Amino acid sequence: MNVHDVDALTSPAGRALLDELAGSAGEDPVALAQRLRRAGHDPHLAALATTQARLRERAAAKLGPRAHGLLLTAAGTEQATRAVVAAEHARRFAAAGVRRVADLGCGVGADSLAFLDAGLDVLAVDADPVTAAVAAHNLGRPVRCADVTAGVADELGEGDGAWFDPARRTSSGRRVFDPEATSPPLSFVLATAARVPATGAKLAPGVPHAALPAGAEAQWTSVDGEVVECALWHGPLARAGTARSARVVRGGRVDELDDTDLPQAEVGPVGGFLHEPDGAVIRAGLVGRVAADLGGRLLDETIAYVSTDAPASSPFARGYRVLEVMPFGLKPLRARLRALDVGALTVKKRGTAVDPDQLRRQLALKGSRPATIVLTRLAGRQSVLVVEPLGADPLSPAGPPA
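Residues numbered from 1 in each chain as written. Predicted model: local features only at pLDDT ≥ 70, side-chain atom pairs only at ≥ 80, totals over all residues. Heavy atoms only, no water.

Here's the deal with the overall build of the protein chain
To be explicit about the condition: Put simply, DSSP marks the helices as runs of H or I at least four residues long and the strands as runs of E at least two long, and each gets a number from the N terminus on. Remark: exposure states derive from per-residue accessible area (1.4 Å probe, protein chains only) relative to the maximum for the residue type, with buried under 20%, exposed over 50%, and partly exposed in between. Only heavy atoms enter the contact rule, under which two residues are in contact if any of them lie within 4.5 Å.
When you go through the protein chain residue by residue, the secondary structure sums to 13 helices and 16 strands. Its C-alpha atoms put the protein chain at 70 × 60 × 35 Å along the principal axes. With 402 residues in all, the protein chain has 50% of them scored as buried. Here the contacts in the protein chain between residues at least 6 apart in sequence split such that 65% fall between residues at least 24 apart.

A look at the sheet that holds strand E5 (residues 199–203)
As a reminder, the rule being used: Note on pairing: two strands pair once DSSP finds at least 2 bridges between them. The convention used is that axes are lines fitted to C-alpha atoms, helices contributing only their stretch in contact, and that angles between N-to-C directions extend from 0 to 180 degrees.
Taken in spatial order, the nine strands make up an open sheet running E3-E2-E1-E4-E5-E7-E6-E8-E9, and their pairing is mixed. Of all strands in the sheet, those bounded by a partner on one side alone are strand E3 (144–145) and strand E9 (253–258). Bridging between strand E1 (residues 100–104) and strand E2 (residues 121–126) involves five bridges; their strand directions are parallel. Each residue of the ladder has a partner; that of Arg100, found in E2, is Asp121. Most of the contacts of helix H6 (residues 83–95) go to strand E7 (residues 226–233), to which it runs at about 15 degrees, and overall it touches E1, strand E4 (160–164), E5, strand E6 (217–223), E7, strand E8 (244–250) and E9.

Looking at the nonpolar core
Keep this limit in mind: Residues belong to a common nonpolar core when they are buried Ala, Val, Leu, Ile, Met, Phe, Trp, Tyr or Cys residues joined through side-chain atoms within 4.5 Å.
In this structure, Leu63, Phe93 and Phe115 are the most contacted members of the largest nonpolar core, which totals 46 residues. When sequence neighbours within four positions are dropped, the list of residues in contact with Leu63 reads Leu70, Leu72, Ala80, Thr81, Ala83 and Ala110. Counting residues in each nonpolar core, the second largest holds 41 residues, with Ala146, Leu156, Phe164 and Ala265 among its members.

A word on helix H12 (residues 330–339)
The condition is simple: Each direction from the helix axis to a C-beta atom contributes to the arc, which is the arc of those directions.
Every buried residue of H12 is listed here: Leu333, Arg334 and Leu337. Down the axis of H12, the smallest arc covering the buried residues is 100 degrees, so these residues share one side. Structural note: H12 exposes Lys331 and Ala339 on the side pointing more than 90 degrees away from its buried face. Here the buried face of H12 lies against strand E13 (317–327), strand E14 (342–349), helix H13 (356–363), strand E15 (369–378) and strand E16 (381–389). Asp341, located one to two residues past H12, shows a positive phi value of around 60 degrees.

Remember, this is a structural readout, not a statement about activity or role.
See below:
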């Protein structure tokens, strides 16, 4: 897609065709193309609009109903911040007293839309002409097409903030893991924060702790169990005394946890209940806080599983009832699961090199019931826990762990 294609899609004919294609993403592509050709639509415009309809359908999971009125690119859809997370970004800027946010590398405008929704003014900038044109349509205002490293941040003054969402893929589409290989690199974000105190950045969730600067707050966020980002907050955007935090969004509910007075987690034997901390909690290194809040203990000091003797709940962990504990061995595990009439097997693991897909093939289960097992290390020994999610139909009568 080029800038002329954006103009075509935003023309009266383009808008009408996009409206006509609303809800067509599930239609057979060949049949859809034939239908549009018979209706006399320009083939190039029809192809552009069909692609937009599919991108909108895909983006709706991230951006909500608003996605159906946006223009999108494939790369922009993939990197766009989820609406619920972007709203949290905007709240952080608003709470810090920021009046205008420079969205430096705005992409298709997901974060800028949230900033505008929060009553903030926005200076949106993107280096790619097509992306800038798409964002301008989505925001209903001009978007500057410029290299964000070429002095844009120097224009910011009192009451302004800066937000970065660095591109984390190469031109060939390969994912970038080194924060200095993103565009712009993390070093430029930190240099901007030195001039513009209210600076935030969306980093990959796998960013190593060693790459994060002192004096900033790193916040990992998960949405419905998927860790989606590590946001780096500087100056007035960071909470005093907090270096690492986790935000867990599940079913629209938002819960936060931080490292203030972080307790040292105890290590002990498996009890009647197992708790799997959320991925954002694990990334942030806050498993000890969850263990303390649950009144539990770690099974191993290097493995993020928490055990309790009594039922307990936390928005930061998923709970399971422990049905059985046994040493890991293929033959006894197969025999036990077959005795339980297990067919569909969910395999969770930490601290073991076992491949779950290969294990399922080796077990060759053909029963009628679902089950969940946890492969982990107990007292230095590879072990299997047969568990059931709290609230699920019981697999077998629960008894004390073996």
